[in-house]
Structures are given as C-alpha cells and as structure tokens.
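Understanding the architecture of this molecule
What follows is each chain in one-letter form.
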Amino acid sequence: MAIPLRKPNEIEKLRVANIAVAKTLNYLKANVKAGMTLKEVDAMGEKFIRDLGARPSFKGLYGFPAAICTSLNEVIIHGIPSDIVLKEGDILGLDIGTEVDGWYGDSAITMPIGTISKEDEALIACAKDSLYYAIDVIKEGMRFKELSKLIEDFIVSRGYQPLVRFCGHGIGKKPHEEPEIPNYLENGNTKSGPKIKNGMVFCIEPMICCKDRNPVILDNGWDVVSKDGLRGSHYEHTVAVINGKAVILSNSED
C-alpha cells in the first residue's frame, strides 16, 4: 500500500481546497432553512463553491449527479439532492468536496433544521464528538487499524453503531486515495497494516447508525441508510499529520 507523504508546500495546497469546503459548509449551515428543497441547497452550495474559485469535485465523480451530498434524516451518506422540502425537526447531512489547482478537499457535517429532538441532538453529537476524539488521539507511529478500533469503541460507548462497508480515506491529487480508514476494526488485529506517518493526509469520517451497522443502498443507487431504518449522522474532516499529530485542514476562520 503506497500512502503518499506530502511536502509542506503540498499540504498548504490541500489546505486551500479544504478551506473552500469549510467556508461552503459554514455558509450552508447559516442559510439552509425549512421550506427549501434539497436541490436548492445543492444549487446554493455549488454557486458558493464556484464563486470561491473552486470546482465541486463530487459533481460527476463515479457518476454522482450533484455538487453536494444532501443526506436527509435516515440517509446517512451519499444522498442525492431531490425536490424533497426540508421541514422543522429534520436533520441534514452535508458532504462537500472541492478541487483547486489539482488538489482536493473534503468535509462533512450533519446540521439541524430548526429545533430538533434531544435524541437527534445526541445522534449528531456522537458523529461530531467521535470525529474530534479521533483527531485528538492520532499520533505518528500508531496503526490505522488501531485508530479504527478507537473510533468504533467511542461510537459504541455512546450507544450507537458505526456504518460498515464505507470508510474514511486518503486524499491529495485524487479525491480518494490510500488508505481506507473504516470506523470499525476489520479482522480483529490492531497490530497489522500501515502506520500513520508525518506528511500523510487523510479524511476521518464517522458515520453513525442507531442500532444496526449494516447498510442498505436505496433504489437511486446512491442514498445509504441503515438496515434499522432509523436516522443517522455523519461528520468529516481532512487532516494532515504534522510534527506527529493530526492538524485539521478543513477549518475556516470565518
């Protein structure tokens, strides 16, 4: 497995693409409201991305038809924007990718639409908290499988399950690179597989199910839900390993 080690100037180019993602997520979080359709959210986000001088990298990627993944309520990831109208009490996952000068950015949030239930607040908090926990524990020399196990244990400790068969990933000159980073331990051995090294850049993205971690892909070929049919949540950051620790690239000062 060849995981690229990025030079400082390359990491800064990746930071530019990721800041465009962060600014777009901040903009949507402030402006998406009940009464809007998912297609309107997508159009608003795509215009904002292009106005920043970036390209929405998800559009056309593997055949995806839109600029932004809009994952509503039970849809955990890869939601295709539709004419569905947002309403008070919904929760909406927004996953955005950009490309600037051949370098890629990627980040995601799950946001409330108006006032949401305490149960949904806890569900979203699990995704966000497990993401920041993972970023905090990353250190040079640990294995990716150890990180996956720590993320899984955190999610399960909150009473939820990590979605399986989908994972975080490397990122750089392509939107998806080595390694794959599941939010659960595969094959039961944290002492195998590649180690985390300075210069690696990758996406951590906890995907949270309420009860059943097995995915179901809906008829449109994209929307992923849990087999339990309950609501899910998703958070993601792109990080670079610098001086032995993970530094978030997909943060905006705005």
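Please read these numbers as outputs of a predicted model, since none were measured by experiment. (Residues numbered from 1 in each chain as written. Predicted model: local features only at pLDDT ≥ 70, side-chain atom pairs only at ≥ 80, totals over all residues. Heavy atoms only, no water.)

**Let's talk about the UniProt feature "binding site: substrate" (unreviewed entry) in the protein**
Taken from the UniProt record, the annotation "binding site: substrate" (unreviewed entry) applies to H78 and H176. For the largest pocket, the lining residues drawn from the annotated set are H78 and H176. Tracing the backbone through its elements, the reader meets H78 in the loop between β3 (75–77) and β4 (91–100). By relative accessible area, which is 25% here, H78 ends up partly exposed. Sequence-distant contacts of H78, defined by excluding residues within four places in its chain, comprise F64, C69, S71, F166, W222, D223 and V224. For H176, the location among the structural elements is in the loop between β7 (167–170) and β8 (177–182). Within the local environment of H176, its side chain forms a polar contact with the side chain of Y62, the two groups lying 2.9 Å apart. (UniProt positions renumbered as here; feature names shortened; annotations may be inferred. 1 Å grid on protein atoms, 1.4 Å probe; cavity = no way out; pocket = protein on both sides within 12 Å on 5 of 7 lines; lining within 4 Å. Helix = DSSP H or I, 4+ residues; strand = E, 2+ residues; numbered from the N terminus. Buried < 20%, exposed > 50% of the residue type's maximum accessible area, 1.4 Å probe, protein only. Contact = heavy atoms within 4.5 Å. Polar contact = N/O pair within 3.5 Å; in protein donor to acceptor, adjacent residues only side chain to side chain.)

**Focus: the layout of surface pockets**
Looking at the largest pocket, its volume works out to about 420 Å³. Contributing elements (two or more residues each) for the lining of the largest pocket: β7 and β8. Looking at the lining of the largest pocket, the element that brings in the most residues is β8, giving four residues. In terms of residue class, the lining of the largest pocket is made up of eleven nonpolar, five polar and eight charged. (Points joined across faces, edges and corners; volume = space filled by probe spheres on them. Nonpolar A, V, L, I, M, F, W, Y, C, P; charged D, E, K, R; others polar.)

**Looking at the packing of aromatic side chains**
Counting across every chain of the model gives four aromatic pairs. Judged by centre distance (4.3 Å) and plane angle (10°), the ring pair of Y27 and F48 falls under stacked. Within this pair, whereas Y27 is found in helix α1 (residues 8–31), its partner F48 is found in helix α2 (residues 38–51), the two being separated by 21 residues in sequence. A relative accessible area of 28% means that Y27 is categorised as partly exposed. Relative to F154, the ring of Y133 lies with its centre 4.9 Å away and its plane at 25°, an arrangement referred to as stacked. (Phe/Tyr/Trp six-rings, centres within 6.5 Å; stacked < 30°, edge-to-face > 60°.)

**Quick word on the pairing of strand β15 (residues 245–248)**
Across the two faces of β15 the burial differs, with A246 and I248 buried and K245 and V247 not buried at all. Pairing of strand β14 (residues 237–242) with β15, which is carried by four bridges, proceeds in the antiparallel orientation. Looking at the pairing, I242 lines up with K245 of β15. Count of turn residues in the β14/β15 antiparallel hairpin: two residues, of which N243 carries a positive phi of about 55°. (Pairing = 2+ DSSP bridges.)

**Re empty space enclosed by the protein**
In total, this model carries one cavity of 30 Å³ or more according to the counting rule given. Considered as a void within the structure, the largest cavity measures approximately 50 Å³ in volume. Around the largest cavity, the lining residues are I3, P4, R6, G170, I171, E177, E178, P179, M200, V201 and F202. Contributing elements (two or more residues each) for the lining of the largest cavity: β8 and β9 (201–204). Looking at the lining of the largest cavity residue by residue, the class counts come to seven nonpolar, one polar and three charged.

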